[in-house]
Amino acid sequence: MSCDFISLATEGVRTLKPYQPGKPVEEIERELGLRDVVKLASNESPLGPGTAAREAAAHALENVSRYPDGNGTVLKQTLARKLGVGEDRLTLGNGSNDVLELAVRAFVTPEHEVIFSEHAFAVYPLATQAVSARAVVTPAKDWGHDPEAMAKGLTDRTRVIFIANPNNPTGTWVDTNSLERLIRSVPEHVIVVVDEAYCDYVEAPDYPDCVSWLERYPNLVVTRTFSKAYGLAGLRVGYAVSHPQVADLMNRVRQPFNVNSVALAAAAGALEDDEHLSRSVAVNKSGMAQLTEAFDAMGLDYIPSAGNFVSVNVGRRGSQVFEALLKRGVIVRPVDNYGMPEHLRVTVGLEQENVRFLEALAKVLSPRGRS
Ligand SMILES: *Cc1c(COP(=O)(O)O)cnc(C)c1O
């Protein structure tokens, strides 16, 4: 080959390591010759979507020969009403991953810096590197974001700060006072993205209501998703709420039809189904208690989590325990790529799925059960 295409790529893309998604259940079952594999690896809802979302999706399927509504009018109207914001503050995305990237593409050049914390969600370094910008990774405190360290990372070149609240894979969250102090210390020309993918699960009374801060802090961008509590991860739909000008810019860089018609309909349906959302949150709460009580009983340390997953310290290489659990038909997530080599992240499943995981874990960690 005469042309080395790698050398033609932009600097950021040349050194980019792609996101490592978990394997689908079907593939693992085929590889291992197992059935009834339990997947607690990608923070998906164990309930899936509710009836309203399913029916809306099925109905939308009848019209897939048509392009979707490129403006996502119905979903935006529903979101605007539910959130109490103007539709001009909304940007819809093909998953919230998409809107996280839109924020970077709209504002960040290779001369800029992007701040995020150690152990933060993997998409922030990827989005930063894809535009050849410099990532400023600030040290974590007790596994969580340290807002003071993040403020210290600010320079003249900072253009975006990412805050995952709660964070994946640690489950940690930043309280109202600390977050507002951080936002106040940031100059107005720096975009503060607060990623609230797991906000529906959070019960802590001092968890910040960032959407209500948008009037006060025009540089704030709040992102949310239908992938977690609403159970629509496969359809890919999320959104950002921001200043109208910021929304205008993000909408300029998105693909004209970035959210498909089935996803638009299902998401709008899901928003009208509060009962299903409550059920999803309740199942998570009892499953989280089930997991953490078992970890306590087994003497395993875990990071208290506000999300629908928990990272547990298995006291040895997490990737080995991951492999051993896999052989027993349970998929969880090793997190060495997050600088957490002895932790495993496990998604809260249905009661019986959690039991399967806990039984397999006990066997794998017992002195004689290592294979
Ligand atoms: C899962 C997750 C998302 C959402 O991903 P989608 O693209 O909306 O499916 C965003 N941020 C964090 C921290 C997540 O864990």
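Here, every reference points to the structure presented above.
Computed from a prediction, not measured in an experiment: that's the story for all the values here.

Q: When you look at the site of the ligand in this model, what are you seeing that I'm missing?
A: Neighbouring the ligand are the residues Gly95, Ser96, Asn97, Phe121, Asn168, Asp195, Ala197, Tyr198, Thr225, Ser227, Lys228 and Arg236. The backbone of Asn97 places a nitrogen or oxygen atom 3.0 Å from an oxygen atom of the ligand. For the ligand, an oxygen atom lies 2.6 Å from a polar atom in the side chain of Tyr198. Against a free-state accessible area of 380 Å², the protein chains account for coverage of 93% of the ligand. Split by residue class, the shell around the ligand holds three nonpolar, six polar and three charged.

Q: Just to check I follow, could you spell out the sheet that holds strand E10 (residues 309–313) for this structure?
A: Pairing between the strands of a sheet is mediated by backbone hydrogen bonds and can be parallel or antiparallel. Pairing is antiparallel across the open sheet formed by four strands, whose spatial order is E9-E10-E13-E12. With partners counted over all chains shown, the strands left at the sheet margins are strand E9 (302–303) and strand E12 (333–334), one partner each. Across two bridges, the pairing between E9 and E10 is antiparallel. Looking across to E10, one finds that Ile303 is bridged to Ser311. Along the sheet face, helix H13 (residues 318–327) touches E12 and strand E13 (343–347) and points at about 45° away from the line of E13.

Q: In this structure, what is going on with the packing of helix H6 (residues 96–107) against helix H7 (residues 123–130)? I would like to understand it.
A: How two helices pack is summed up by the angle between their axes together with the distance between the axes. One way to put it is that H6 packs onto H7 with a least axis distance of 9 Å and a crossing angle of 40°. Relative to H7, the element H6 is oriented oblique. In this structure, H6 meets H7 at a crossing whose hand is right-handed. In this structure, H6 contributes Asn97, Leu100, Glu101 and Val104 to the contact, and H7 contributes Val123, Tyr124 and Ala127. Residues belonging to the contact of H6 with H7 are distributed by class as follows: five nonpolar, one polar and one charged.

Q: Would you explain the environment of Phe309 in this entry?
A: Within the element layout of this structure, Phe309 appears in strand E10. With 37 residues separating them along the chain, Phe309 and Val346 place their C-alpha atoms 5.4 Å apart. Once you skip the residues sitting within four places of it in the chain, Phe309 turns out to touch Asn43, Asn167, Asn168, Pro169, Thr170, Gly171, Tyr198, Met288, Arg345, Val346, Thr347 and Val348.

Q: What's the story with the pairing of strand E7 (residues 220–225) in this structure? I'm lost.
A: Both faces of the sheet carry side chains from a regular strand, because those side chains alternate between them. Among the six residues of E7, six are classified as buried, and the element is accordingly described as predominantly covered. Residues Leu220, Val222 and Arg224 point to one face of E7 and Val221, Thr223 and Thr225 to the other, with burial holding for every one of them. Where strand E6 (residues 191–195) meets E7, four bridges bridge the pair, whose relative direction is parallel. Among the inter-strand pairings, Asp195 is bridged to a residue of E7, identified as Thr223. In terms of strand pairing, E7 meets strand E8 (residues 238–241) through four bridges, oriented antiparallel. Across the sheet, the residue bridging to Arg224 is Tyr239, located in E8.

Parameters at a glance
- Residues numbered from 1 in each chain as written.
- Predicted model: local features only at pLDDT ≥ 70, side-chain atom pairs only at ≥ 80, totals over all residues.
- Heavy atoms only, no water.
- Near = heavy atom within 4 Å.
- Polar contact = N/O pair within 3.5 Å; in protein donor to acceptor, adjacent residues only side chain to side chain.
- Areas by Shrake-Rupley, 256 points an atom, 1.4 Å probe, with all protein chains shown as cover.
- Nonpolar A, V, L, I, M, F, W, Y, C, P; charged D, E, K, R; others polar.
- Pairing = 2+ DSSP bridges.
- Helix = DSSP H or I, 4+ residues; strand = E, 2+ residues; numbered from the N terminus.
- Contact = heavy atoms within 4.5 Å.
- Axes fitted to C-alpha atoms, helices over the stretch in contact; angles between N-to-C directions.
- Parallel < 35°, antiparallel > 145°, perpendicular 65-115°, else oblique.
- Left-handed = near helix turned anticlockwise from the far one by under 90°.
- Buried < 20%, exposed > 50% of the residue type's maximum accessible area, 1.4 Å probe, protein only.

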